[in-house]
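Listed here are the chains, written in short residue letters.
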Amino acid sequence: MQLYLANHPYRYECENLCRLFFPYSHVQVVDSPLTAPGPWAQAIAQEGPGGFIYTARVSDGQKVAEKSAQQGALEEYAMTNLLYAAFVELTGSQPAWGMLTGIHPVKLLRQYVEEGGEGAGLEKFRTHCHVTAPKAALALQTLRAQAPVTASIGENDWALYISIPFCPTRCAYCSFISQDVKHAQKLMAPYFALLLEELEKTAEVTRALGLRLVSVYIGGGTPTTLSAGQLGQLCESVHRLFDLSGCPEFTVEAGRPDTITREKLAALKAGGVTRISINPQTLSDQVLQNIGRLHTAQDVLDAFALAKEAGFADINCDLIVGLPGDSQPGFEKTLEGVLALGASNVTVHSLALKRGARLEAEGGTTLHRRQQETAAMMDYSIRRLGEEGYVPYYLYRQTRMAGNLENTGWAKPGSLCRYNIYTMDECVSVIACGAGGVTKLKDPYSGRLERIFNFKYPYEYISRHGEILLRKDGVTGLYEQFRKRLH
Ligand code: SF4
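Residues numbered from 1 in each chain as written. Predicted model: local features only at pLDDT ≥ 70, side-chain atom pairs only at ≥ 80, totals over all residues. Heavy atoms only, no water.

Undergrad: Before we go on, may I ask you to explain unusual backbone geometry in this structure?
TA: Note: most residues except glycine have negative phi, and most peptide bonds are trans. Here G220 and G221 are connected by a cis peptide whose omega angle stands at 10 degrees. One non-glycine residue, E426, lies in the positive phi region at around 50 degrees. Assignment of secondary structure puts E426 in the loop between α13 (418-425) and β16 (429-433). Given a relative accessible area of 11%, E426 falls into the buried group. (Helix = DSSP H or I, 4+ residues; strand = E, 2+ residues; numbered from the N terminus. Buried < 20%, exposed > 50% of the residue type's maximum accessible area, 1.4 Å probe, protein only.)

Following this line, the structure appears as structure tokens:
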């Protein structure tokens, strides 16, 4: 899609709106208003005697829609709102999340509620951003569920994230840096040894700063690609190095059922892990095959039974709506199967097609056509999870999501995972160890977020580990700056 902009600086926002309505089209900003044969958009501001005249023209290559308005000052909202209205008229589609293109809708709703109270905040969220009533209600429920957690955050609180970037095989929709164990086998032992060193360094730094650890999360990848012995050693290191007296939760993403064994579960249980994830994504064998998973639905059920036998009461299951080959009845069967298992948390994702994912090339356009069906699956999950007593407690969006929907974490009362709120809401510092980890430090006084990146791939992490340790000193430097700015 070609996008022409004139006399305003809102390029990024206008590009995002183009992607919202044409998610599989590459947006190219051009410097002439000449219209191309394919889809195009124009967002123009012109200064006149009475203020600014805004014009938005959009086309799908056949029809054209045009909107114009006048306003005294040059404003982002005036331009983007008009462009949004033109796209709605052209496509006849009203996105569920309106013109919101950011990933944290609940954060925005919180801001509006803090400014004007719940009623006025919700109204602004609905009308100003064109969010549909069901999605606004979902965001409000999420905001309310988060409130006790966000209200209890202390200025020295932090969460530890540990990355195990290996998986048994690579899923077709995955854009994560994870490497399959067959190819990365020889990297796993050195990676693990260096990861323990980084944990030691992190413990040193956070202890000296007087920070309070409030959550531990081992994610990936698939952490259970580690052996039972390694998992035990990792948990033991966490307990030895960090003070967990203020930390009510310790999560491990067991993830793929084909990596879960009785021995590994026993090691995690003995290692003080309070919560695990077993992620079916779907309980259809055919769909599992379509996405490149080696396990069957029965493997999920068996892994779940093993986890219960090992004493885990808090188990999350991730599901995805919009997978290739799945259908509305198929998804309903999956969700009912997960509910029957008694998972305490269910996270429902919409398939997001990222650059680098195998599925993008294979089926992107077809998937786009299935938006309606995907939305119906999501609606079904919202209804059924609500009926079964689950509450939505974190929610985020990604670009290029199937059906332009959301990912929502649901939990039975008393079992929500604080880490998910901390990281999605960016309200607590998260210090990450391991390849691909991104440390996000929250300045508790100004609210600003500072990032420190680890190397992405395990081989870089291993070969340049000295730099990783030095970057951990950056945590000290940034906290000193936060505290200096306060005094
Ligand atoms: S299990 Fe997760 S991280 Fe691993 S390949 Fe599949 S989607 Fe990617």
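Okay, back to it.
Undergrad: Just to check I follow, could you spell out the side chain of E249 for this structure?
TA: Structurally, E249 is set in the loop between α6 (228-241) and β10 (250-255). No salt bridge is formed by the buried E249. Its closest oppositely charged neighbour is R418, at 5.0 Å. At 2.7 Å, the side chain of E249 and the backbone nitrogen of Y419 are in polar contact. Look past the residues within four positions of E249 in its chain and what remains in contact with it is V214, S215, V216, T274, L416, C417, R418 and Y419. (Lys, Arg positive; Asp, Glu negative; His and termini not counted. Salt bridge = Lys/Arg side-chain N within 4 Å of Asp/Glu carboxyl O. Polar contact = N/O pair within 3.5 Å; in protein donor to acceptor, adjacent residues only side chain to side chain. Contact = heavy atoms within 4.5 Å.)

Undergrad: Would you explain the packing of aromatic side chains in this entry?
TA: The relation between two aromatic rings is expressed through the spacing of the ring centres and the mutual angle of the planes. Applying the stated rule across the entire model yields 14 aromatic pairs. Seen from their ring centres, F22 and F87 are 6.1 Å apart, and the 55 degrees between their planes marks the pair as tilted. Of this pair, F22 sits in the loop between α1 (11-21) and β2 (28-30) while F87 sits in helix α2 (residues 76-91), and the two are 65 residues apart along the sequence. You can call F22 buried: its relative accessible area is 16%. Residue F87 is classed as buried on the basis of its relative accessible area of 0%. Each ring, one from Y457 and one from Y459, has its centre 6.0 Å from the other, and the planes form 15 degrees; the classification is stacked. (Phe/Tyr/Trp six-rings, centres within 6.5 Å; stacked < 30°, edge-to-face > 60°.)

Undergrad: It is not clear to me how the site of the ligand should be interpreted in this structure. Could you clarify?
TA: Neighbouring the ligand are C167, T169, R170, C171, Y173, C174, F176, G221, T222 and R256. A per-class count over the shell around the ligand returns five nonpolar, three polar and two charged. (Near = heavy atom within 4 Å. Nonpolar A, V, L, I, M, F, W, Y, C, P; charged D, E, K, R; others polar.)

Undergrad: Help me understand the domain arrangement of the protein, please; the structure alone is not making it clear to me.
TA: The figure often quoted for interface size is the accessible area lost as the parts come together. Once the domains are mapped, the protein shows domain 1 (2-91), domain 2 (105-143) and domain 3 (149-475). Here the C-alpha centre of domain 3 lies 27 Å away from the C-alpha centre of domain 2. Of the residues lining the interface, nine residues belong to domain 2; the matching set on domain 3 comes to 15 residues. Approximately 940 Å² of surface area, both sides summed, lies buried where domain 2 meets domain 3, with 58% of it carried by carbon and sulfur atoms. Linking domain 2 with domain 3 are three salt bridges, by the criterion used here. (Domains from an automatic or database assignment. Buried area = accessible area lost by both parts, 1.4 Å probe.)

Undergrad: Looking at this structure, I do not really get the pattern of salt bridges. What am I missing?
TA: Side chains that differ in charge, positive against negative, can pair when their charged atoms come close. For the structure shown, the criterion picks out 25 salt bridges. Linking E66 and R57 is a salt bridge whose minimum nitrogen-to-oxygen distance equals 2.9 Å. Judged by relative accessible area, E66 falls into the partly exposed class, the value being 44%. Judged by its relative accessible area of 27%, R57 falls in the partly exposed class. Residues joined in a network through salt bridges with shared partners are E336, R383, R384, E387 and E388.

Undergrad: For this particular structure, what's the right way to read the nonpolar core?
TA: The nonpolar side chains of a soluble globular protein tend to be buried with one another. The biggest cluster of nonpolar side chains holds 92 residues, and the ones touching the most others in it are L234, F242 and I276. At 13 residues, helix α5 (residues 181-209) tops the list of elements feeding residues into this core. If you count residues domain by domain, this core takes at least three from each of domain 2 (105-143) and domain 3 (149-475). Each residue touching F242, except ones within four places of it in the same chain, is listed here: W158, L160, L199, T202, A203, T206 and L213. A41, A43, A45 and A78 belong to the second-largest nonpolar core, a separate cluster that totals 29 residues. (Core = buried A, V, L, I, M, F, W, Y, C linked by side-chain atoms within 4.5 Å.)

Undergrad: Even after reading the chapter, I still don't get the sheet that holds strand β4 (residues 51-59), so can you show me in this structure?
TA: As summarised here, the arrangement of the five strands in space is β2-β1-β3-β4-β5, forming an open sheet in which the pairing is mixed. The outermost strands of the open sheet, each flanked by one partner alone, are β2 and β5 (64-71). Geometrically, the sheet is characterised by an average inter-axis angle of 20 degrees between neighbouring strands, direction not taken into account. Of the strand pairs in this sheet, strand β1 (residues 2-6) and β2 are connected by three bridges, and their pairing is parallel. Bridge pairing in β2 places L3 opposite V29. Across the sheet, α1 is in contact with β1, β2 and β3 (40-48); its angle to β1 comes to roughly 150 degrees. Running over the sheet, α2 touches β3, β4 and β5 and is turned about 30 degrees from β4. (Pairing = 2+ DSSP bridges. Axes fitted to C-alpha atoms, helices over the stretch in contact; angles between N-to-C directions.)

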